[in-house]
Amino acid sequence: MFLKRPGGQAQFSRMLALQMDGGKFDTLHSWMATNLASDLTLPRLAEQAGMSERSFSRHYVRATGRTPSRTVEELRVEAACRLLAETALPIKRIAERCGFGSEETLRRGFLRCLSTTPGDYRNRFGG
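Rules and cut-offs
Residues numbered from 1 in each chain as written. Predicted model: local features only at pLDDT ≥ 70, side-chain atom pairs only at ≥ 80, totals over all residues. Heavy atoms only, no water. Helix = DSSP H or I, 4+ residues; strand = E, 2+ residues; numbered from the N terminus. Buried < 20%, exposed > 50% of the residue type's maximum accessible area, 1.4 Å probe, protein only. Areas by Shrake-Rupley, 256 points an atom, 1.4 Å probe, with all protein chains shown as cover. Salt bridge = Lys/Arg side-chain N within 4 Å of Asp/Glu carboxyl O. Patch = residues over 30% accessible without salt bridge, like charges linked within 9 Å, V, L, I, M, F, W, Y side chains within 5 Å. Lys, Arg positive; Asp, Glu negative; His and termini not counted. Charge placed at Lys NZ, Arg CZ, Asp CG, Glu CD. Disulfide = S-S within 2.5 Å. Core = buried A, V, L, I, M, F, W, Y, C linked by side-chain atoms within 4.5 Å. Contact = heavy atoms within 4.5 Å. Expected span 1.5 Å × (residues − 1). Arc of directions from axis to C-beta.

Some points on the overall build of the protein chain
Part 1 of the argument: Within the protein chain, the regular secondary structure consists of eight helices and zero strands.
Part 2 of the argument: Overall, the protein chain shows an N-to-C arrangement of helices and strands of α-α-α-α-α-α-α-α.
Part 3 of the argument: When each of the 127 residues of the protein chain is scored for burial, the buried share is 39%.
Part 4 of the argument: Carbon together with sulfur atoms contributes 50% to the accessible area of the protein chain, which is approximately 7100 Å² in total.

Below is the structure:
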């Protein structure tokens, strides 16, 4: 799956970076990307990976250099970026589709990952 960012934004995709790692969590990353609106808590991810929570967390950080929750947030923000740029869906609906649960949680994720708000992102990159 090719993920290209709109406008003049840097062409970086968290999913592509994860796929390029060629690591033991490739299957999990694909599953995460297709289930963003689902339960992606540490216990659920560990279960999907077939590992205990503690072991999964330790191995995941060692393999990827980031926590599972950080990866989930980045994948969700990336999906929200695509929807903001390519659709006219309300921000509340985008937050639900991407698994954030609320507009406020989406907003906080955007601020942490992109240092901007979803509304500002849409104004700048929306089509």
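Some thoughts on the pattern of salt bridges
Part 1 of the argument: Overall, the coordinates contain nine salt bridges when judged by the stated rule.
Part 2 of the argument: The salt bridge partner of Glu-74 is Arg-66, with a shortest N-O separation of 2.8 Å.
Part 3 of the argument: For Glu-74, a relative accessible area of 13% translates into the label buried.
Part 4 of the argument: Here Glu-96 ties to Arg-93 by a salt bridge, and the two come within 2.6 Å at their closest N and O atoms. Residue Glu-96 and its partner Arg-93 are located together in helix α6 (residues 91-97), separated by three residues, close to a single helical turn.
Part 5 of the argument: Take Arg-93: its relative accessible area is 42%, and that puts it in the partly exposed class.
Part 6 of the argument: Put simply, Arg-66, Arg-70, Glu-73, Glu-74 and Arg-112 are held in one network by salt bridges that share partners.

Some details on a positive patch on the surface
Part 1 of the argument: Together, Lys-24, Arg-54, Arg-58 and Arg-62 make up a region of like positive charge exposed at the surface.
Part 2 of the argument: Position of Arg-62 among the secondary structure elements: in helix α4 (residues 53-64).

Side note on the environment of Ser-38
Part 1 of the argument: The topology assignment puts Ser-38 in the loop between α2 (26-34) and α3 (42-49).
Part 2 of the argument: Along the backbone, Ser-38 and Glu-96 are 58 residues apart, and their C-alpha atoms lie at a distance of 10.0 Å.

What about the state of the cysteines?
Two cysteines form a disulfide when their sulfur atoms are joined by a covalent bond.
Part 1 of the argument: Tallying each qualifying case throughout the model produces zero disulfides.
Part 2 of the argument: The thiol of Cys-81 is unpaired, and the distance to the nearest cysteine sulfur, on Cys-113, comes to 8.7 Å.

Some thoughts on the nonpolar core
Part 1 of the argument: Grouped together as the largest cluster of nonpolar side chains are 28 residues, with contacts concentrated most on Leu-28, Leu-45 and Phe-110.
Part 2 of the argument: Contributing elements (two or more residues each) for this core: α2, α3, α4, α5 (68-86), α6, α7 (103-114) and α8 (118-125).
Part 3 of the argument: No other element matches the nine residues that α5 contributes to this core.
Part 4 of the argument: Excluding anything up to four places from it in sequence, Leu-45 contacts Leu-28, Trp-31, Met-32, Leu-40, Phe-56, Pro-68 and Val-72.

Concerning α7
Part 1 of the argument: Counted at 1.5 Å a residue, the expected span for α7 with its 12 residues is 16 Å, and the 16 Å between its end C-alpha atoms agrees.
Part 2 of the argument: Among the residues making up α7, those that are buried are Leu-106, Gly-109 and Phe-110. Down the axis of α7, the buried set is contained in an arc of 100°. They therefore lie on one face.
Part 3 of the argument: Buried residues belonging to α7 abut α5, α6 and α8.
Part 4 of the argument: Two residues or fewer past α7, Ser-115 is found with a positive phi of approximately 55°.

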